[in-house]
Amino acid sequence: MSQNHARTSRTNDLASRIDAGFRTAIAAALSDYASVNSAPIDPLIKAAANPKFGDFQANFAMSLAKSLGKNPREVAQQVVDAAPPSLRDLCEPFEIAGPGFVNIRLRPESIANALTAMDSATLGVSNDNKTHTVAVDLCGVNVAKQMHVGHLRATIIGDTIARLFERLGWNVHRQNHLGDWGLPIAMTLAALRRAKVDIARVTLDDLNRAYRRAQAEGRDDEAGLAAAHATAVGPHRIAELEAQHEGAAAALADAHDTLRRLQSGDAAVVADWQKLIDVTMHEVYETAQLLGVDLKPEHNRGESFFRDRLTPTVDAFVAANLAVRDAGALVVRFEGRERPLLIQKSDGTSLYATTDLAAARYRIQDLGSELVVYCVDARQRDHFNDVFDAVALIGWTKRADGREASLVHVPFGAVLGSDKRPLKTRSGENFTLKALLDEAIARGRREVHARAASPDAPTAALSPAELDAIGQAVGIAAIKYADLSSDVSRDYVFDLDRMVSFEGDTGPYAQYAHARIAGILAKASAQGAAAGALVIATPQERSLALNLLRYPGAIEDAASQLAPNRIAAFIFELANTFNAFYQACPVLRGADESTRASRLHLCDLTRRVLADALSIMAITAPSRM
Ligand code: ARG
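Residues numbered from 1 in each chain as written. Predicted model: local features only at pLDDT ≥ 70, side-chain atom pairs only at ≥ 80, totals over all residues. Heavy atoms only, no water.

Caption draft 1: Quick peek at the sheet that holds strand E8 (residues 329-332). Taken together, three strands build an open sheet; the order of strands is E7-E8-E9 and the sheet is antiparallel. Because the sheet does not close on itself, it has two edges, and the strands there are strand E7 (323-326) and strand E9 (341-344). The mean angle between the axes of side-by-side strands here comes to 45°, regardless of whether they run parallel or antiparallel. For E7 and E8, the ladder comprises four bridges, and the chain directions are antiparallel. Opposite Arg325, over in E8, you have Leu330 as the bridge partner. (Pairing = 2+ DSSP bridges. Helix = DSSP H or I, 4+ residues; strand = E, 2+ residues; numbered from the N terminus. Axes fitted to C-alpha atoms, helices over the stretch in contact; angles between N-to-C directions.)

Caption draft 2: Region of the structure containing the pattern of salt bridges. Using the criterion set out here, one finds 37 salt bridges in the structure. Note that Arg209 is salt-bridged to Asp206, the shortest N-O span being 3.0 Å. Note that Arg209 and Asp206 are positioned in helix H8 (residues 204-218) at a spacing of three residues, about one turn of the helix. When the shortest N-O distance is used, the salt bridge between Arg261 and Asp266 registers 3.0 Å. In this structure Asp266 comes out as partly exposed when scored by relative accessible area, which is 23%. Because the salt bridges share partners, they merge into one network encompassing Asp159, Arg163, Glu166, Arg174, Asp294 and Lys296. (Salt bridge = Lys/Arg side-chain N within 4 Å of Asp/Glu carboxyl O. Buried < 20%, exposed > 50% of the residue type's maximum accessible area, 1.4 Å probe, protein only.)

Caption draft 3: Expanded view of the site of the ligand. Close contacts around the ligand come from Asp137, Gly140, Asn142, His177, Tyr352, Asp356, Tyr374, Val376, Gln380 and Phe384, and that covers them all. Taking Tyr352, its side chain carries an N or O atom lying 2.7 Å from a nitrogen atom of the ligand. Considering the ligand on its own, with 350 Å² of exposed area, one finds that the protein chains cover 86% of that surface. Counting only elements with at least two residues in the shell around the ligand, the list comes to helix H13 (352-366) and strand E10 (371-377). Its residues placed into classes, the shell around the ligand shows four nonpolar, four polar and two charged. (Near = heavy atom within 4 Å. Polar contact = N/O pair within 3.5 Å; in protein donor to acceptor, adjacent residues only side chain to side chain. Areas by Shrake-Rupley, 256 points an atom, 1.4 Å probe, with all protein chains shown as cover. Nonpolar A, V, L, I, M, F, W, Y, C, P; charged D, E, K, R; others polar.)

Caption draft 4: How the structure looks around the packing of aromatic side chains. This model, assessed by the stated rule, comprises 16 aromatic pairs. Look at Trp181 and Trp273: their rings are 5.3 Å apart centre to centre, the planes differ by 75°, and that puts the pair in the edge-to-face class. Of this pair, Trp181 sits in the loop between strand E6 (171-175) and helix H7 (183-194) while Trp273 sits in helix H11 (residues 267-291), and the two are 92 residues apart along the sequence. With relative accessibility at 6%, the residue Trp181 sits in the buried group. On the basis of relative accessible area, Trp273 is assigned to the buried category, the value being 4%. When the ring of Phe305 is compared with that of Tyr362, the centres are 5.2 Å apart and the planes differ by 65°; the resulting orientation is edge-to-face. In this pair, Phe305 sits in the loop between H11 and helix H12 (310-319) while Tyr362 sits in helix H13, placing the two residues 57 residues apart along the sequence. For Phe305, a relative accessible area of 32% gives the class partly exposed. Geometry around Phe305 places Arg301 over its ring, the cationic atom sitting 4.6 Å from the centre. The positively charged end of Arg451 is found above the aromatic ring belonging to Tyr512, 5.7 Å away from the centroid. (Phe/Tyr/Trp six-rings, centres within 6.5 Å; stacked < 30°, edge-to-face > 60°. Lys NZ or Arg CZ within 6 Å of the ring centre and 35° of its normal.)

Here it is, written out as structure tokens:
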């Protein structure tokens, strides 16, 4: 199922060097056989299933032998005999096993050399020097409404994907596609104006109330009315429903009128509208900051940003004969799909899809993106499917340089409560994101204060304010890591107890591993012990080193698959491998000087890689916990 969405340049890691070496060897060995065509043969290098047999294995021999009509072990031997010096120098003598696997064990010096080469500010991660451009659609809140838990995902998944590409040296455009130009905001605005609320002093709570009131009012009870007539309920009930129906119709008409005035630039309405945006965005930025997410006013590319591009968008589809009239409205039809894409309503107004068409065009044609990533709820799958197809139909995926841009929806699943239903408060409302984060921070603080109470805790001497700051980092990490470590498209259960635990695949566990290493390094430097040349001797050192060397590849994979959970998986494995290393290999006590220097070096690299990987998810890595 894995698909590469981005061309990231591959680091020159050990696995790639082994792969290249075997390709050369196969080509050299095959020059003896005139019968095989010259198509490059994949050596099929895999990580070894069991470290007993080496670090990697090459599985090419079985299928290759078949096509040559030879014995696989013989073919494997011939290839191994043809290994170029670059490959021989890297590995211990090769072993041919079973039906013809080649077991590959790296020489300890090769591992130490590769790790030494990785020990730089970039930690071995390649940098594309801004030769690639990606746009990331993230957050996308509807203005005049408080952020709820669904926005958590759209915001942090988007931010992590943006950071992955930033880390790889891409040009990254964060695009906050705010819902600020449609009926929902007009309904709230109309409700506030009817209630004569002073918009200059409006609070987010007022907005929420007005939004809910508007939604309730707008729920037309025409069906109820028809049912009441049909089942001959009493006249009181009918009168009540009639009033409700009229009220709803009036509210809706008022909202439509407000929307029209907004969209045609009525100064008073626009001024009120701007005020609503300011109030909502204030909270959005505050929340983003709490989450460590890079989201600022300059990232706003809401629906209203595209207001002057909507008519040209519709016109372009008409001119290209791609939009047809359907009962007064304009739709784009797709071959073999019943559902058309509505791009203009019969009253001439445009809709959500129209802004998305204009936005896609802008992102590819104006920003020059070769990849546009949409971090949006899975329920909008059909919408994006249609929008992407329409953009391709009209040719806007073609960039100025002639290359095709790709549009990719990263459809995320829902956050569920313990009842496995979408997370709601006890009274059945959506959890506001703020409430959720406040609770997580409180839990993180409780945890950190409790640990600091033990006299030999590394945090024992810290002030309450310092402990609070660490506790906040822990609470936020708990929520973010739990979200980002699960497969994006899957629903997950929001379980704060599990999320804040210091054990298992959690944010606090990763932070704790980092803090523990920071503690070792601080102690070493107090004792005057310094890191030195790497010597890979024990199996645990080897396994830790190999894990560290996987870091650049993990970043590239996570980016090209648009899968933040791969970074989390890398972090978890690194933390586990480190803990196993630390248990088996004394660092400060009981090691001779050169061993200590090498192990300190491993500790230092592990700490930096952990902190760097956590920073991709914008999770802070405190040095004491
Ligand atoms: N405002 C939309 C909503 O709440 C999300 C926007 C997602 N981005 C986009 N380009 N459509 O459903």
